[in-house]
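Breakdown of the fold
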Amino acid sequence: MRSPFAYTPRPGPLQRASPGAAVVYLGALVAVAFLYSNPIVLSAVGIAVVLAGRLAGAWSAVRAALWMGLTLALLIVVVNALVVSRGTTVWARLGDWPIFGQVDVTAEAVAAGAVLGLRAAVVMVAFAVYSSCVDPDRVLRALRPLAGRSALTATLVSRLVPVAAADAARLRDAARLRGPGAAPVGKAPLARRLLAGSLDRAVDVAATLELRGYSLRPERPPAGETFFGPMRTEKRFTSPVQRRSRYDQRFYLTGAIVLVVAIAGKALGADSFSEYPTTEIGSGAATLAVAVIVALSGLAPLRRAPRRSAARASRAASRSLPAGGGM
Amino acid sequence: MRGPRTAVAIALLLSALAAAGCGLGPGSEVGGVDLTVTRDYGSVSMLHRQVDDVTESDTVMRVLERNADVSTRYGGGFVQSIEGLEAEESVDRSLDWFFYVNGVESTVGAADYSLRGGESIWWDYRDWGAAMRVPAVVGAWPQPLLGGYEGKPHPVDVECLGGGVACAEVDERLRDAGVKLPSRPSGGSMRVLVGPWSRVRTDPAAGQIERGPQTSGVFADFRPEGAAYRLSGLDEGGEDTVEFGPDAGLVAATRRFEDPPVWVVTGGTEAAVRAAAQLLDTASLRDHYAVAVDGKRETALPVR
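What you are looking at is a predicted structure, and each value in this text was computed from that prediction instead of being measured. (Residues numbered from 1 in each chain as written. Chains lettered and ligands numbered in written order. Predicted model: local features only at pLDDT ≥ 70, side-chain atom pairs only at ≥ 80, totals over all residues.)

1. Considering the domain arrangement of chain A
Basically, it comes down to this: The split of the chain into domains comes from an automatic or database domain assignment.
When cut into domains, chain A gives domain 1 (13-138 + 245-320) and domain 2 (145-225). Each of domain 1 of chain A and domain 2 of chain A has a C-alpha centre, and the two are 35 Å apart.

2. Re the sheet that holds strand β6 (residues 85-86) of chain B
Residue and element names in this part refer to chain B. Which entries qualify depends on this criterion: Here, strands pair whenever DSSP counts at least two bridges between them. Each helix is a run of DSSP H or I of at least 4 residues and each strand a run of E of at least 2, with the numbering of both proceeding from the N terminus.
With respect to topology, three strands assemble into an open sheet ordered β4-β5-β6, the strand pairing being antiparallel. Edge strands, defined here as strands with exactly one partner in the open sheet, are β4 (70-73) and β6. Bridge count for β4 against strand β5 (residues 78-82) is four bridges, and the pairing is antiparallel. Bridge pairing links Arg73 to Phe78 in β5.

3. Points about the sheet that holds strand β11 (residues 156-160) of chain B
Note on sheets: strands pair through backbone hydrogen bonds, and any given pair is parallel or antiparallel. Residues and elements named next belong to chain B. Where we set the bar: Every angle, taken between N-to-C directions, lies between 0 and 180 degrees, and every axis is a line fitted to C-alpha atoms, over only the stretch in contact when it is a helix. Distance between backbone-placed C-beta atoms decides contact: two residues are in contact if it is within 7 Å.
The strand order β11-β12-β17-β16-β18-β19 describes an open sheet built from six strands, whose pairing is mixed. Because the sheet does not close on itself, it has two edges, and the strands there are β11 and β19 (297-301). Neighbour to neighbour, the strand axes of the sheet diverge by 15 degrees on average, direction disregarded. By the bridge criterion, six bridges tie strand β16 (residues 249-254) to strand β17 (residues 262-267) in an arrangement that is antiparallel. Bridged to Leu250 within β17 is Thr266. Against the sheet, helix α6 (residues 270-277) makes contact with β12 (190-196), β16, β17 and β18 (290-294), and its axis sits at roughly 130 degrees relative to β17, the strand it touches most.

4. Here's the deal with the pairing of strand β8 (residues 94-101) of chain B
Residues and elements named next belong to chain B. Here strand β7 (residues 88-89) runs beside β8; their pairing, made up of two bridges, is antiparallel. Along β8, the bridge assignment pairs Glu88 with Leu95. Hairpin connection between β7 and β8: a loop of four residues separates the two successive antiparallel strands. Relative to strand β10 (residues 120-127), β8 is paired through seven bridges, and the arrangement is antiparallel. Across the sheet, the residue bridging to Phe99 is Trp123, located in β10. As paired strands, β8 and strand β9 (residues 104-105) are joined by two bridges and run antiparallel to one another. Paired with Tyr100 across the bridge in β9 is Glu105. Between β8 and β9, which pair antiparallel in sequence order, lie two residues; one of them, Asn102, sits at a positive phi of approximately 55 degrees.

Below, the structure written as structure tokens:
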């Protein structure tokens, strides 16, 4: 079964944008989530990443991340409520516990846990959108000039993990095909066999790399060639190197605006929030302005409908062409 | 028959939780506490309040946070500032907030100190360069002699070490304050030592005073002068500042390790002890770490 977080090629702007632009855009939202504790701004970041995921067609990834994130958030709330007894509004007294001591559940500890949980959920959704919308091969290709060996390792890992998953599925099928009378196969023997197979394959891969001279000190590739060989080799095994997308500017600009607004807002006191002794959430003009701008940034992956006049002109042009076409 | 069994199990669980002190909400009210905030060894008063709405779940920190503007550090267990007055540490000075419950320095943090009602809480902002630990003070009179310390009542013994009529005076003042004095000494009791310093100093707890404020937390010293002793007052730095007259008396409190606090009502002479005994009232002791009296002049210690 395909993971909802796996990259799925789609024609949306976020998928077409270069990895750098997508990383700047989603990274800016994650940075705001870490920079701010004000729940209004954190919620705005949440709205932005959910909106971005929805517009980019990654709704299943967003839904799965929201489910996981909210479960984690709930866990954080419960743990924080039990571990932290600060705050003046006591909701429940749970007596003396062996490790925690006197446990008082306070409204402030619950609120503080909710903020931590919200942050975790928002970051998880942002990473889910990234994972689902940004082609990992393009990211690795972009990293290749910076850290060739690391990029190669990451590429191999990203290829070998699905291979190992397929191996596991085959092993399970083989175990089932032995018939109903056969002894059941436990998880541990299956995992051992899988590990042995993976190590065998790793040795094969290492030998292949050795034979192809990857252990030698790499020379600087001449112009027109990639780090690992001539361009034709690159073309043979991977999709052609993509040029900059026309959507890049949009995502770079949106990421930059979000970051600048967040930093300026922070300096102006937009992150006004106090957990203890009483929960105080700042909702001043600066906070609301930052929240609105951050939430609107979620519209960046919106695909613009073709202009009506342009479409009409194009249709008219096609109609005016002779049936045979050409000159 | 699953329904009734489940109901019984839930009822038993709830009963056990209730018996273990669990419950919803902050719990019932346990009575009032007296909250005092001062600075510089009690010399400047910042807040005096009788807090009446203390509940079962209240701690020293919660009461403070409800009644003053407080900021904390180290996960909320340590007070950084009260009413904007921040703790600071530099080469010359180390200023921090310290708290006393019933005049006894707590061994647990303010956030972990549960209140039972009737306590006297005193927060003081002071330079602790000369004495990091001041284990007991007299400024919560008649606490801890009346209500005990660390959440438990403790008996009080008055030990008359040659105090003469001053012992009777101390007895009377304690009884007037509501302190019940047992007819015979009991173990684990707080002691009030009454007598001239030449006798009182033989007690291991009281004798700490001669080793300076770093050990005893008392900013006073007795110098031998012939057969008697003369009292001198120390400043915040632990330096000699005032040499009192031969008939100067002292009321101070100290504590040795985890033993019960010990109060001393003493002086160089019998007259000095009598003068010290007359200091045992709220007007003279309130918000002071220790008090010296020379004639009619009362001096809060450390000397400022």
